[in-house]
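# Survey of secondary and tertiary structure
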Amino acid sequence: MKKNIVTLVDHNSGKTYEYPVLEGTRGPSVIDIRNLFKDTGMFTYDPGYTSTASCESKITFIDGAKGELRYRGIPIEELATKHSYLDTCYLLLNGTLPDHVEHKAFDLELRHRAFLHEGLHNLFKAFPDNAHPMATLSAAVTALASFYHEHLEMENEAEFKEMAHRLIAKMPTLAAFAYRHSLGIPFIQPDIDLSFTKNFLTMMRAYPGGKMHLSMLGHEEIKEIEVRALDTIFTLHADHEQNASTTVVRGVASTGAHPYVAISSGIAALWGRAHGGANESVIAQLEMIGSVENVDAFIERAKDPDDNFRLMGFGHRVYKNFDPRARILKELQDELRIELGLDSELMAIARKIEETALSDEYFISRNLYPNIDFYTGIILTALKIPKSMFTPIFVIGRTVGWLSQWIEFKQDPTSKIARPRQLYTGE
Ligand code: CMC
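Residues numbered from 1 in each chain as written. Predicted model: local features only at pLDDT ≥ 70, side-chain atom pairs only at ≥ 80, totals over all residues. Heavy atoms only, no water.

## So, the site of the ligand
Surveying the vicinity of the ligand reveals 20 residues, the closest of which are His275, Arg310, Leu311, Gly313 and Phe314. Between the ligand and phenylalanine 314, the relevant distance is 2.9 Å, taken from a nitrogen atom to a main-chain nitrogen or oxygen of the residue. One nitrogen or oxygen atom from the side chain of arginine 317 is found 2.9 Å from an oxygen atom belonging to the ligand. The residue makeup of the shell around the ligand, split by class, is 8 nonpolar, 6 polar and 6 charged. (Near = heavy atom within 4 Å. Polar contact = N/O pair within 3.5 Å; in protein donor to acceptor, adjacent residues only side chain to side chain. Nonpolar A, V, L, I, M, F, W, Y, C, P; charged D, E, K, R; others polar.)

## Considering the packing of helix 13 (residues 295-303) against helix 15 (residues 345-358)
Two elements in contact, helix 13 and helix 15, have axes whose closest approach is 10 Å; the angle formed by their N-to-C orientations is 50°. The angle between helix 13 and helix 15 falls in the class oblique. Here the hand of the crossing between helix 13 and helix 15 comes out right-handed. Of the residues in helix 15, those touching helix 13 at Val295, Asp296 and Ile299 are Ile349, Lys352, Ile353, Thr356 and Ala357. Here the contact of helix 13 with helix 15 is composed, by residue class, of 5 nonpolar, 1 polar and 2 charged. (Axes fitted to C-alpha atoms, helices over the stretch in contact; angles between N-to-C directions. Helix = DSSP H or I, 4+ residues; strand = E, 2+ residues; numbered from the N terminus. Parallel < 35°, antiparallel > 145°, perpendicular 65-115°, else oblique. Left-handed = near helix turned anticlockwise from the far one by under 90°. Contact = heavy atoms within 4.5 Å.)

## So, the side chain of glutamine 333
Here glutamine 333 lies in helix 14 (residues 324-339). Look at glutamine 333 and you get buried, because its relative accessible area is 6%. Sequence-distant contacts of glutamine 333, that is, excluding residues within four places in its chain, are made with Met347, Tyr375, Ile378 and Ile379. (Buried < 20%, exposed > 50% of the residue type's maximum accessible area, 1.4 Å probe, protein only.)

## Describing the environment of valine 252
Within the secondary structure, valine 252 is located in helix 10 (residues 244-253). Accessibility expressed as a relative area gives 18% for valine 252, which makes it buried. Sequence separation of valine 252 and alanine 262 is 10 residues, and the distance between their C-alpha atoms is 5.2 Å. Apart from the residues within four sequence positions on either side, valine 252 is in contact with Ala257, Ala262 and Ser265.

## With respect to the domain arrangement of the chain
As far as domains go, the chain holds domain 1 (2-70) and domain 2 (73-427). Just the C-alpha atoms count here: the centres of domain 1 and domain 2 sit 31 Å apart. The interface of domain 1 with domain 2 comprises 23 residues on the first partner and 27 residues on the second. For the pair domain 1 and domain 2, the two sides together bury roughly 2000 Å², of which 60% comes from carbon and sulfur. When the buried surface of domain 1 facing domain 2 is broken down by residue, Ile59, Ile62 and Leu69 rank first, second and third, together holding 32% of it. At the boundary of domain 1 with domain 2, the tally comes to 0 salt bridges. (Domains from an automatic or database assignment. Buried area = accessible area lost by both parts, 1.4 Å probe. Salt bridge = Lys/Arg side-chain N within 4 Å of Asp/Glu carboxyl O.)

## What about the environment of arginine 421?
Relative to the elements of secondary structure, arginine 421 occurs in the segment after helix 18 (390-411). According to the relative accessible area criterion, arginine 421 is exposed, its value standing at 53%. Non-local contacts of arginine 421, meaning those with residues more than four positions away in its chain, are made with Phe37 and Phe43.

## Overview of unusual backbone geometry
Excluding glycine, most residues fall at negative phi; most peptide bonds, likewise, are trans. Phi at tyrosine 49 is positive, roughly 50°, even though this residue is not glycine. For tyrosine 49, the position within the fold is in the loop between helix 1 (36-40) and strand 4 (60-63).

## Section: the packing of aromatic side chains
Between two aromatic rings, the relevant description is the distance of the centres plus the angle of the planes. Tallying each qualifying case throughout the model produces 17 aromatic pairs. Each residue in the set Phe314, Tyr362, Phe363, Phe374 and Tyr375 is aromatic and connected to the rest through ring pairs, giving one cluster. One residue, arginine 421, lies across the ring of phenylalanine 37, its end atom 4.9 Å from the ring centre. (Phe/Tyr/Trp six-rings, centres within 6.5 Å; stacked < 30°, edge-to-face > 60°. Lys NZ or Arg CZ within 6 Å of the ring centre and 35° of its normal.)

## Quick notes on the nonpolar core
Side chains that are nonpolar tend, in soluble globular proteins, to be buried together. By size, the foremost hydrophobic cluster in this structure holds 112 residues, and its most contacted members are Met171, Leu174, Phe200 and Ile353. In terms of residue count, the dominant contributor to this core is helix 7 (residues 157-183) (13 residues). Residues from two domains meet in this core; each of domain 1 (2-70) and domain 2 (73-427) gives at least three. (Core = buried A, V, L, I, M, F, W, Y, C linked by side-chain atoms within 4.5 Å.)

Written as structure tokens, this is what we have:
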């Protein structure tokens, strides 16, 4: 890494201090202030980490101004349109896309690892009916740590990979079980003959022992376009560099806790509606708006500084341009509308919100564009997935990202326990 220097001048003492500027391969440079406190006796102040790089990473790159997202250097558009979610998982974990043989072996291993220990089945019974699947899922992943305590003492690459593959494979099963428990309907075991994504849809929809699927419209087979749409959603959620839940996962990793507990903490952080929970809130908000005629009134509320109402699915800490994931999903939504013959009132309300906000000075001046969650809710509704499962679906996609970041943290010799400082203003 090439090093420049930044000079800090303390005008009170007249002292100057020099700090190296580290340049990455893409994106803004960073000022290395690790010695700042030792040198000056002062901390930096940055609530919400708006200007702080918390780690060095080789996994994901975002250019928020351009609306660009890459995993391991490959643009998200290429991954979403030319590769499967499993290829993306392999890429995030290994740094390169798999060849045909590697893909087959990875796919087969995940199929075999999708089953849950029989003892874990009992855990679900402890949760009340109507429990939110996110609560059950987070608890189930923590419980999984008790079945695989050997993952506390991992040393080599093979052990890291086994731990990661195990959780990636089991997450759809845990999510589907959490959902079926919330409805009080029997669990469907994974089917080793099915692909990762089709298997998840089957565990969500199927009747036990049969090929028929649960649907308000009768018994339906899962359509290929539904599998492709969900697979794309998983890919688009697979990683997003140092977002809130990943920061939590790295923070828990820094204490030496079990990796599955770190992932469970990530699930908890993702649940909030400022983060992954926004996808569920988008649909709840569209339902609340109720009809196209009411859109203008809600847009006015979103703009009112005295009203804490926010337009869900709009805005992003990093993207100050169209979220590239949202662009891909917008196209997918149009494709689904034609292929599945869908055109609901919710879609019409969403279209009106999008048109109005994108031409409104309030949203333009603050660079508030639709984000990924604005479109996932509509697409998942079209796939007959209930609102409560939107964030668990985000979890399934993001598990590989959290695990890749967890492994990177563990393999980084400069990693330290996460322990920020504070500006004390109390008594
Ligand atoms: N509706 C109306 N106004 C908004 C919105 C919104 N959705 N988002 C931001 N603003 C306004 C905000 O009021 C502020 O205005 P002002 O400068 O007049 O005070 C300005 O835009 C900047 O907002 P901020 O809260 O300082 O921005 P942030 O970077 O801290 O927050 C955010 C980012 C995503 C939490 C926020 O935009 C938001 O709450 N959006 C709605 C929830 C949402 O869709 N979350 C999903 C994010 S994408 C999925 C993921 O990766 O997690």
